[in-house]
Structure formats: C-alpha cells, structure tokens
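Fold and geometry: a report
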Amino acid sequence: MATESIELSRFLPATPDRIYLAWLNGRDHGAMTGSKASVASTEVGGAFTAWDGYIDGVHVALEPGRRIVQTWRSDDFPADAPESYLELLLEPAPGGSQVTLRHRELPAGQGPGVLAGWDEFYFTPMERFFAAEARRRGLAVPGARARRAKAGLPRATPKAPTRERAKPVTRAAPKKAPRKRPKSGAREAPRMAPRGSPRKPVRRPVRKSARRPRR
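Residues numbered from 1 in each chain as written. Predicted model: local features only at pLDDT ≥ 70, side-chain atom pairs only at ≥ 80, totals over all residues. Heavy atoms only, no water.

**What about a negative patch on the surface?**
Applicable threshold: Nonpolar side chains (Val, Leu, Ile, Met, Phe, Trp, Tyr) are joined into patches within 5 Å and like charges within 9 Å, using only residues with over 30% relative accessible area and no salt bridge. Exposure was quantified through the Shrake-Rupley algorithm and a 1.4 Å probe, taking into account, for residues, occlusion by the shown protein chains and nothing else. Any Lys or Arg side-chain nitrogen located within 4 Å of an Asp or Glu carboxyl oxygen qualifies as a salt bridge. Charged residues are defined narrowly, with Lys and Arg counted positive, Asp and Glu counted negative, and His plus the chain ends left uncounted. Charge coordinates come from a single atom per side chain, which is NZ of Lys, CZ of Arg, CG of Asp or CD of Glu. Numbering of helices and strands starts at the N terminus; helices are DSSP runs of H or I of at least 4 residues and strands are runs of E of at least 2.
Judged by side-chain charge, D56, D75, D76 and E83 come together as a negatively charged surface patch. Residue placement: E83 occurs in the loop between β5 (67–74) and β6 (84–93).

**Things to note about the pairing of strand β7 (residues 96–107)**
Each regular strand shows side chains that alternate between the opposite faces of the sheet. What counts is decided by this rule: Each residue gets one of three labels from its accessible area relative to the maximum for its type: buried under 20%, exposed over 50%, partly exposed in between, using a 1.4 Å probe on protein chains only. Here, strands pair whenever DSSP counts at least two bridges between them.
Among the twelve residues in β7, nine count as buried, and that is most of the element. Where strand β1 (residues 3–12) lies against β7, nine bridges are found, and the strand directions are antiparallel. From the neighbouring strand, F11 faces β7, where its bridge partner is Q98. Of the pairings in the sheet, the one linking β6 to β7 comprises nine bridges and is antiparallel in character. Counted as the bridge partner of A93 is G96 from β7.

**A few points about empty space enclosed by the protein**
Formally: Both cavities and pockets are sets of points on a 1 Å grid over the protein atoms alone; in a cavity a 1.4 Å probe fits but cannot get out, in a pocket the set is open with protein on both sides within 12 Å along at least five of seven lines, and lining residues sit with an atom within 4 Å of a point. Grid points are joined across faces, edges and corners, and a volume is the space filled by probe spheres set on the points. The nonpolar class holds Ala, Val, Leu, Ile, Met, Phe, Trp, Tyr, Cys and Pro. Asp, Glu, Lys and Arg form the charged class, and all remaining residues, Gly among them, are polar.
Applying the stated criterion to the full structure yields one cavity of 30 Å³ or more. One number sums up the size of the largest cavity: a volume of about 40 Å³. Lining of the largest cavity is provided by W23, L24, H29, V39, F48, T49, H59 and Q70. Split by residue class, the lining of the largest cavity holds four nonpolar, four polar and no charged.

**With respect to helix α1 (residues 16–23)**
In plain terms, the rule: Note that the arc is computed from the directions linking the helix axis to the C-beta atoms.
Turning to α1, its buried residues number three or more, namely P16, I19, Y20, A22 and W23. The buried residues of α1 all sit within an arc of 170 degrees when viewed along its axis, so they share a single face.

**Concerning the layout of surface pockets**
Left-over empty space is what a probe sized like a water molecule reveals as it rolls over the atoms. When its volume is computed, the largest pocket comes out at roughly 300 Å³. Around the largest pocket, the lining is made up of 16 residues, and of these Y54, I55, S74, V114 and G117 lie nearest the centre. Elements supplying a minimum of two residues to the lining of the largest pocket: β5, β7 and α3 (111–136). Ranked by residues supplied to the lining of the largest pocket, first place goes to α3 with six residues. Each residue belonging to the lining of the largest pocket can be placed in one class, and the counts come to ten nonpolar, five polar and one charged.

**Comments concerning the packing of aromatic side chains**
Where we set the bar: Stacked, tilted and edge-to-face are the three classes applied to pairs of Phe, Tyr and Trp rings, where Trp contributes its six-membered ring and a pair requires centres within 6.5 Å; stacked means planes under 30 degrees apart, edge-to-face means over 60, and tilted covers the rest.
One pass over the structure, following the stated rule, counts eight aromatic pairs. Ring geometry for W51 and F121: centres 5.7 Å apart, planes at 80 degrees, overall edge-to-face. Residue W51 is found in the loop between β3 (47–50) and β4 (55–63), and its partner F121 is found in helix α3; the two are separated by 70 residues along the sequence. Since its relative accessible area comes to 25%, W51 is described here as partly exposed.

**Re the sheet that holds β6**
This is how it is decided: We call two residues in contact whenever any of their non-hydrogen atoms come within 4.5 Å of each other. Axis definition: a line fitted to C-alpha atoms, limited for helices to the stretch in contact. Angles are taken between N-to-C directions and run from 0 to 180 degrees.
Reading across from one edge, β1-β7-β6-β5-β4-β3-β2 is the order of the seven strands in this open sheet, with antiparallel pairing throughout. Strand pairing shows two members of the sheet lacking a second neighbour, β1 and β2 (38–39), which therefore form its edges. Here α3 sits on the sheet in contact with β1, β3, β5, β6 and β7, set at roughly 20 degrees to β1.

**Notes on the environment of M32**
Here M32 lies in helix α2 (residues 26–33). Each C-alpha atom of the pair M32 and T124 lies 9.4 Å from the other, and the pair is 92 residues apart in sequence. Excluding anything up to four places from it in sequence, M32 contacts A22, W23, P125, M126, F129 and F130.

**Thoughts on the pattern of salt bridges**
As enumerated under the stated definition, the model contains nine salt bridges in all. Between D28 and R18 there is a salt bridge whose closest N-O contact spans 3.2 Å. Remark: R18 occurs in helix α1 and D28 occurs in helix α2; sequence separation between them is ten residues. A salt bridge links E87 to R67, with the shortest nitrogen-to-oxygen separation between them at 2.8 Å. One end of the pair, E87, is in strand β6; the other, R67, is in strand β5, with 20 residues separating them in the sequence. Looking at R67, the relative accessible area reads 26%, which means it is partly exposed. One continuous salt-bridge network, built from bridges that share partners, spans E7, E63, R66, R67, E87 and R102.

Following this line, the structure appears as structure tokens:
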C-alpha cells in the first residue's frame, strides 16, 4: 500500500524538557491542544489517546528532553491501513526550542491534510499555551517577527490599511441680493424706523426770560 511522509519545524517558547513532559502528560497534552487526552504510561509500550479518542497509539522510543517516537492512528485511516509513525525532535534554541515533526507511513492522499492539521491543531495552540505559561513566570516571549525568523519563514510585511478621509462638507454662504440703485435723477426713499423703536428725545432751546430793571 502506498504511503506518504510529511515534515515540519516550528519554534516554541518553552524548553525541550518542558515540551517533552507536556506531550507525555494527559492533562498538559489536553490543555495545550484544547481537547481531551490521556496517557496510560510514560514508558515505552504505554498507550495514549488524543483529541478525545480521535487519535490513539503507543510509545515506541522515548529520549527525555530530546526525542519521542509513537505510533499514530486516527479515525480517518482506512480499516486496512497500518499505523503511521510520528517522530518528535526537540532542540534547544534561544528563548525556547526548535521542534521538528516527522510523520511517515500515512495513507496515500492524507499527507497535505495531516500537515495542515499539525500546524492548526497542534503547533498553533501549543505556541499560545507555552507563551502564556512563560508570561506567568515573568519570562520574555519572542515576538511574531522573531518567531518567523526562527522558523525560517519569510518576513511578513503587511501593508497598512488605507482609509479614505472624508471630505469636509462646506456650505456656501448665502448670496446677498444686489442692492438696487436709484435711477439717475431720482431720490432714494428715506429709511423709516420701525414702529415701536425708541426715538431720541428732542431737545428744545430754553428761552431766557427778560429781567426787569430794579427800581
């Protein structure tokens, strides 16, 4: 039967020992993936399940803090398909670990889907899990740019979104009606004060009374 193999590598903000222990611990494995997991034993030959029983297998080789090899079978495997083999390599890196995953003997046609699933359902939530754990311990976590550089991914240069500025609404000033000029030779009508408007008091001259001569 034809089979396929995949490989991918990611940087995680945790030590190789911490990732090794979390992978082989049912509670931590479930917490870092977001779904229930169980580990019957941390010895070679011990059984495990992941993603609420969707995945099951046994430990084939265990090197603490360095390497994990397991059989790996999901509910999507054909009934006559043999188990696949998963190898997890852990290497120390500045600020964390470089994790390399090799998955071989997958059923034909399932390679691309399994590759995308490892990235979406394991490495992405694992990165969030270990980053939150590091922050709780007061440790610095590399930013997205540093993580992409460690993973060998091209530098992302997103374009800043452009927003059209709203043009200010200007209202035109009302036009004044042109003042009609009187025709030549005609007098302009006097402007009358409106009714009820106060009028200026008219001061009349006081007449001086004639003085009578004294006798």
